[in-house]
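Here is what each chain is made of, one letter per residue.
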Amino acid sequence: MANTFQGHFPEKNTGEDGFVGTAPVGSFPPNRYGLYDIAGNVWEWCSDWYRADYYQTLADAGGIARNPPGPVDSFDPSEPGTKKRVQKGGSYLCTDQYCKRYMPGGRGNGEPETGTNHVGFRCVMTQPTWDALQKENGSHGASKSPN
């Protein structure tokens, strides 16, 4: 379950999931790994440069790519002179009628200086850091584990 567009895109978002725009983090149940909002809501910036041919480059190298670092530069054939970074997760504007990139394997791209209301980023920390912060703050603050 995720915050995506319901209704007829782009004329009418019915908000059947309770939201017609962005939703607060944790509005939907976590996935099997305990992660919240991995799909839908807002596109999440990634540090990787975008290359349309990157997945094919990995496949051509053979073997299994485990946590590949991403390409060293950016190239989008539709805008060759524009540097772009990868965006993952899709947004509340994604719908099966228009865009299926909110699926886990999907990815988008965008100029780092582009501002919009459906692009954001994810803050992460390790479990030991979370535990230390909880101990330091006497377990006050956010109640959700970072997992």
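One can find the structure itself at the top, above this paragraph.
Source: prediction; values computed, not measured.

Trainee: When you look at the overall build of the protein in this model, what are you seeing that I'm missing?
Mentor: Helices and strands together make up the secondary structure of the protein, namely two helices and six strands. The order of helices and strands in the protein, counted from the N terminus, is β-β-β-α-β-β-β-α. Taken over the C-alpha atoms alone, the protein extends approximately 50 × 40 × 30 Å along its principal axes. Sequence separation of 24 or more characterises 59% of the internal contacts of the protein that already satisfy a separation of 6 or more. Surface summary for the protein: the accessible area is close to 9800 Å², and the carbon and sulfur share equals 55%. Computed over 14 positive and 16 negative side-chain charges, the separation of the two mean positions in the protein equals 4 Å.

Trainee: Help me understand the sheet that holds strand β3 (residues 43-49) in this model?
Mentor: Each strand in a sheet pairs with another by means of backbone hydrogen bonds, the pair being arranged parallel or else antiparallel. Spatial strand order, β5-β4-β3-β6: four strands in an open sheet with mixed pairing. Only two strands of the sheet have a single partner each, and these edge strands are β5 (107-110) and β6 (119-120). Summarising the sheet, strand β4 (residues 85-88) and β5 pair through four bridges and their orientation is antiparallel. Counterpart to Val-86 in the pairing with β5 is Asn-109.

Trainee: How should the packing of aromatic side chains be read in this particular structure?
Mentor: Here a ring pair, both rings aromatic, is described through the centre-centre distance and the interplanar angle of the planes. Inspection of every chain in the model, using the stated rule, returns two aromatic pairs. Arranged with centres 4.9 Å apart and planes meeting at 75°, the rings of Phe-5 and Phe-9 form a pair that is edge-to-face. In this structure Phe-5 comes out as buried when scored by relative accessible area, which is 8%. The cationic tip of Arg-85 hangs over the ring face of Trp-49; the distance from NZ or CZ to the ring centre is 3.7 Å.

Cut-offs used in this document
- Residues numbered from 1 in each chain as written.
- Predicted model: local features only at pLDDT ≥ 70, side-chain atom pairs only at ≥ 80, totals over all residues.
- Heavy atoms only, no water.
- Helix = DSSP H or I, 4+ residues; strand = E, 2+ residues; numbered from the N terminus.
- Contact = heavy atoms within 4.5 Å.
- Areas by Shrake-Rupley, 256 points an atom, 1.4 Å probe, with all protein chains shown as cover.
- Lys, Arg positive; Asp, Glu negative; His and termini not counted.
- Charge placed at Lys NZ, Arg CZ, Asp CG, Glu CD.
- Pairing = 2+ DSSP bridges.
- Phe/Tyr/Trp six-rings, centres within 6.5 Å; stacked < 30°, edge-to-face > 60°.
- Buried < 20%, exposed > 50% of the residue type's maximum accessible area, 1.4 Å probe, protein only.
- Lys NZ or Arg CZ within 6 Å of the ring centre and 35° of its normal.

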